[in-house]
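# Close look at the chain arrangement
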Amino acid sequence: MTERLDLNLLLPAGMSRRGALRALGAAGLGAAAMAGGAGRAFAQERSLNYFTWSAWGEGPFVEDAKKKVSIDLKPTFYSSSDEMVAKLRGGGTKLYDMIVPVQNYIAPAAKAGLIEPLDPASLPNAKTVFSEFAAMPQWTVDGKLYGVPFVWGANAIAFNKKETGDVDSLNVLFDPKYKGRLAMRDEPEDSLGVGALKLGIKQPYAMEEKELQEVKKLLISQKPLLRAYWKNVADVQNMLASGEVVAAWTFLAVIAPLRKAGVDAGWVWPKEGAIGWSEAITPVKGTSKLKLVQEYANFTLSPEYGEFMARTTRYAPASKAAVDRLEPALVTDLGIDPKNVSRLAFKEIPKDKSRWNEIWNEVKAA
């Protein structure tokens, strides 16, 4: 039994017992409110406004961040790198803490004052990353590090095996047999890159005018064979699922949902080559949460995150330690072999980006 304390012995002069009880009640409510406010403040402090591709901000990744590092991700999505840059230029630096850029957008974003460098010492998990990605020069500008890739891969060909059989070449995307059932991405760096690889041009992003004209001619000849130029990955995924399209130049992200929907979907880096990319967490210029961004960036380089990402999205982790956690059959299926990097033409900003945009618009208008 708790001993009762005579409150009257503790009252300040002139205060009634009832007044004291009211004061204590108010103090209790105040303490509770302070505790609730502190909890909310802590939650706010551990939240990050995340501007990203849809793959990295979907529910499973938000929950994983909460569970493993107590970070509350608040994602907003973009569908292209140009959209990302345009929205950052248009005031997004005041809205977001971090982005997930492709390597070829780092230099222009840094020079435009849209992103912040990272402290390499804040990324101890970088030691687990394959050297091919940890040392990619495009992630460093003027001696400052803007990201260490947590994921890499290629844009390549998705196809319906029932309709096309096995595929190993870009020829499928130019085959009159599939007229009206093919799709290409509505993005010059991808589609002009595909045209260059088809013509045997090994360095697509260094093309001169003569080569650009050859690619333009090829893509105009392809246009009558296409069902669509797609912008949103959900659109091309739906076309492949419905059978409207039997082969498309697209992202690996479409494959798992197609197989889940019962489509015998294949995925191949064509023998002519594919368009390579890597992505990393990069702080947005002016974020007040740089340390938390760096904490999350380091988490994405961990074996735990890499394994989770590979199993959830079927993208290849850049962490060797993550790959070591995957069964050999899955590693083979995902094409996780840095030796394959030599087969990829990694995206770069074209020598004359405005000219690429003009050529692409001419192809679509033809």
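A few points on the structure. Model, not experiment: these values are computed from the prediction.

### Quick look at the overall build of the protein
- Check the secondary structure of the protein and you find 15 helices and 14 strands.
- For the protein, buried positions account for 51% of its 366 residues.
- Taking the intrachain contacts of the protein between residues at least 6 apart in sequence as the baseline, contacts between residues at least 24 apart amount to 74%.

### Some thoughts on the pattern of salt bridges
- The final tally for this structure, using the stated rule, is 23 salt bridges.
- Here Glu 295 and Arg 46 are joined by a salt bridge, their closest N and O atoms 2.9 Å apart. Taken together, the residues span a long stretch of sequence, with Glu 295 in helix 11 (residues 290-300) and Arg 46 in the loop between helix 1 (17-45) and strand 1 (47-52) at a distance of 249 residues.
- Given the relative accessible area of 17%, Arg 46 is considered buried.

### Here we look at the packing of aromatic side chains
- Enumeration according to the criterion identifies 18 aromatic pairs in this entry.
- Centre to centre, the rings of Phe 51 and Tyr 96 are 4.2 Å apart; their planes meet at 5 degrees, and the pair counts as stacked. You can see Phe 51 sitting in strand 1 and its partner Tyr 96 sitting in the loop between helix 3 (81-89) and strand 3 (98-99), a full 45 residues away along the chain. Accessibility classification places Phe 51 together with Tyr 96 in one group, the buried group.
- Aromatic rings pair up to connect Tyr 50, Trp 56, Phe 61, Phe 150, Trp 277, Tyr 296, Phe 299, Tyr 305, Phe 308 and Tyr 315 into one cluster.

### Things to note about helix 7 (residues 188-198)
- Of all 11 residues that make up helix 7, 10 are buried, and the element is covered over most of its length.
- Burial in helix 7 covers these residues: Pro 188, Glu 189, Asp 190, Ser 191, Leu 192, Gly 193, Val 194, Gly 195, Ala 196 and Leu 197.
- Here the buried face of helix 7 lies against strand 6 (151-160), strand 7 (182-185), helix 8 (209-222), strand 9 (247-250), strand 11 (274-279) and helix 15 (353-365).
- N-capping of helix 7 is provided by Glu 187, with a side-chain oxygen placed 3.1 Å from the backbone N of Glu 189.
- Looking one or two residues past helix 7, Gly 200 carries a phi angle of roughly 85 degrees, positive in sign.

### Digging into helix 12 (residues 303-313)
- Residues of helix 12 that are buried: Pro 303, Tyr 305, Gly 306, Glu 307, Met 309, Ala 310 and Thr 313.
- In this structure, the buried side of helix 12 is in contact with helix 2 (59-69), strand 6, helix 11, strand 13 (316-317), helix 13 (320-323) and helix 14 (328-334).
- Arg 314 lies just past helix 12 and shows a positive phi near 70 degrees.

### Describing the pairing of strand 11
- Extensive coverage of strand 11 is indicated by the burial of six of its six residues.
- Two strands pair when backbone bridges link them, and strand 6 and strand 11 are joined in this way by five bridges, in the antiparallel orientation. Bridging from a neighbouring strand, Ala 154 pairs with Gly 276 of strand 11.
- Where strand 11 meets strand 14 (residues 344-346), three bridges bridge the pair, whose relative direction is parallel. If you follow Ile 275 over to strand 14, its bridge partner there is Ala 345.

### A few points about the environment of Gly 306
- Following the sequence through the fold, Gly 306 ends up in helix 12.
- By relative accessible area, which is 2% here, Gly 306 ends up buried.
- Residues Gly 306 and Pro 317, spaced 11 residues apart in sequence, show a C-alpha to C-alpha distance of 5.1 Å.
- Look past the residues within four positions of Gly 306 in its chain and what remains in contact with it is Pro 317 and Ala 322.

### Concerning the packing of helix 7 against helix 8
- One way to put it is that helix 7 packs onto helix 8 with a least axis distance of 9 Å and a crossing angle of 100 degrees. With respect to helix 8, the axis of helix 7 lies roughly perpendicular. Taken together, the residues of helix 8 that come into contact with helix 7 (itself represented by Ser 191, Leu 192, Gly 195, Ala 196 and Lys 198) are Leu 212, Val 215, Leu 218 and Leu 219.
- Split by residue class, the contact of helix 7 with helix 8 holds six nonpolar, two polar and one charged.

### Remarks on unusual backbone geometry
- Here the phi dihedral of Ser 70 falls at roughly 55 degrees; this positive angle occurs in a residue that is not glycine.
- Ser 70 sits in the partly exposed class, given a relative accessible area of 45%.
- Phi at Arg 314 is positive, roughly 70 degrees, even though this residue is not glycine.
- You can see Arg 314 is positioned in the loop between helix 12 and strand 13.

### Examining the side chain of Ser 47
- Structurally, Ser 47 is set in strand 1.
- Look past the residues within four positions of Ser 47 in its chain and what remains in contact with it is Asp 72, Lys 74, Asp 97, Lys 289 and Leu 292.

Here is what the cut-offs are and how they apply
- Residues numbered from 1 in each chain as written.
- Predicted model: local features only at pLDDT ≥ 70, side-chain atom pairs only at ≥ 80, totals over all residues.
- Heavy atoms only, no water.
- Helix = DSSP H or I, 4+ residues; strand = E, 2+ residues; numbered from the N terminus.
- Buried < 20%, exposed > 50% of the residue type's maximum accessible area, 1.4 Å probe, protein only.
- Contact = heavy atoms within 4.5 Å.
- Salt bridge = Lys/Arg side-chain N within 4 Å of Asp/Glu carboxyl O.
- Phe/Tyr/Trp six-rings, centres within 6.5 Å; stacked < 30°, edge-to-face > 60°.
- Polar contact = N/O pair within 3.5 Å; in protein donor to acceptor, adjacent residues only side chain to side chain.
- Pairing = 2+ DSSP bridges.
- Axes fitted to C-alpha atoms, helices over the stretch in contact; angles between N-to-C directions.
- Parallel < 35°, antiparallel > 145°, perpendicular 65-115°, else oblique.
- Nonpolar A, V, L, I, M, F, W, Y, C, P; charged D, E, K, R; others polar.

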